[in-house]
Amino acid sequence: KGKIAYEVMKVVEGKPLFISQHYKRLQESAKKSGIVLNLTENEVVNSIKALSENNSIISGNIEISVSNDYSSLRFIPHFYPTPKMYEVGVPVGFYYAERNNPNAKIKNDRLRININKRIKQKGLFEVLLVSKQGYITEGSRSNVMYVDNNNKIYTTPDSQVLKGITRQTVIEICEKLNIEVATKLITKQMLNNFSAAFLTGTSPGVLPIKSIGYKPLSVENQTLQSIVSEFQKIELEIINSNR
């Protein structure tokens, strides 16, 4: 009963990736939703380790859910993009909906079911949420970022989206690579200003988009590919450091 805050974490070789960032966001979601979080970060880490060992599963997605009545940790079905998808990109569409509290990761099963139907019907990988004002905010389970003809990156302002862990990592990568990042509200009409775009999220990491609606995009964009490569290096470093 009541609101449920949750996080989905990717586990590789029994080790959760970006665990501190996920725990911090879980704290923020719980606080904004009036949920008392009675779990420490170490307790979450130890629970993930026990869950992996008891089920003999070393890789996958784990969901932690918390409400004022209970907390739970479980493996959930996941789909990771194939190597081909990273190579040629994925098709993305639109869905007119907006979250009541974008900064809090709160379950909305009805919205999820309706979106999954649209994705399946249209043969899409993801849909981008469009607000009543006509702004593209984020993906239904990801963030979206754009690259213009001057190799400048654009992302929706923090106040309008769930502040994704992978999205923040990409922003830090851009700082390292001296790639300019701007926050701006984007409309469907503005998509013609961009030559490339990509999704960021727990399961896909950094995934190139080949089309948004009828707008084709370049997957070979050099700025995009440098970000993909750098993110994959970071994931590998986390896995190796935990061995």
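We now examine the environment of Val45. Tracing the backbone shows Val45 in helix 2 (residues 41-55). A C-alpha to C-alpha distance of 9.7 Å links Val45 and Tyr23, two positions 22 residues apart in sequence.

On to helix 5 (residues 165-176). Its 12 residues give helix 5 an end-to-end C-alpha distance of 17 Å, which sits within 8% of 16 Å, the value for a rise of 1.5 Å per residue. Every buried residue of helix 5 is accounted for by Ile165, Thr166, Arg167, Thr169, Val170, Ile171, Ile173 and Cys174.

Further remarks concern the pairing of strand 8 (residues 143-148). Within strand 8, six of the six residues are buried, leaving the element largely enclosed by the surrounding structure. Residue alternation in strand 8 divides its side chains into two sets, Asn143, Met145 and Val147 and Val144, Tyr146 and Asp148, and both sets are buried. Both strand 8 and strand 12 (residues 194-201) contribute to a ladder of six bridges, which runs antiparallel. Considered in strand 12, the bridge of Met145 is made with Phe198. Taken together, the three bridges between strand 8 and strand 9 (residues 153-155) define a ladder with antiparallel strand orientation. By the bridge assignment for strand 9, Tyr146 is matched with Tyr154. Between the end of strand 8 and the start of strand 9, which pair antiparallel, lie four residues, with Asn151 showing a positive phi angle near 65°.

Running from amino to carboxyl end, helix 1 (residues 19-32) crosses helix 2 at an angle of 120°, the nearest separation of the two axes being 10 Å. Taken together, the axes of helix 1 and helix 2 are oblique relative to one another. Read as a crossing pair, helix 1 and helix 2 show a hand that is right-handed. Where helix 1 abuts helix 2, its residues Ile19, Ser20 and Tyr23 lie against Glu41, Val44, Val45 and Ile48. By residue class, the composition of the contact of helix 1 with helix 2 is five nonpolar, one polar and one charged.

Cut-offs used in this document
Residues numbered from 1 in each chain as written. Predicted model: local features only at pLDDT ≥ 70, side-chain atom pairs only at ≥ 80, totals over all residues. Heavy atoms only, no water. Helix = DSSP H or I, 4+ residues; strand = E, 2+ residues; numbered from the N terminus. Expected span 1.5 Å × (residues − 1). Buried < 20%, exposed > 50% of the residue type's maximum accessible area, 1.4 Å probe, protein only. Pairing = 2+ DSSP bridges. Axes fitted to C-alpha atoms, helices over the stretch in contact; angles between N-to-C directions. Parallel < 35°, antiparallel > 145°, perpendicular 65-115°, else oblique. Left-handed = near helix turned anticlockwise from the far one by under 90°. Contact = heavy atoms within 4.5 Å. Nonpolar A, V, L, I, M, F, W, Y, C, P; charged D, E, K, R; others polar.

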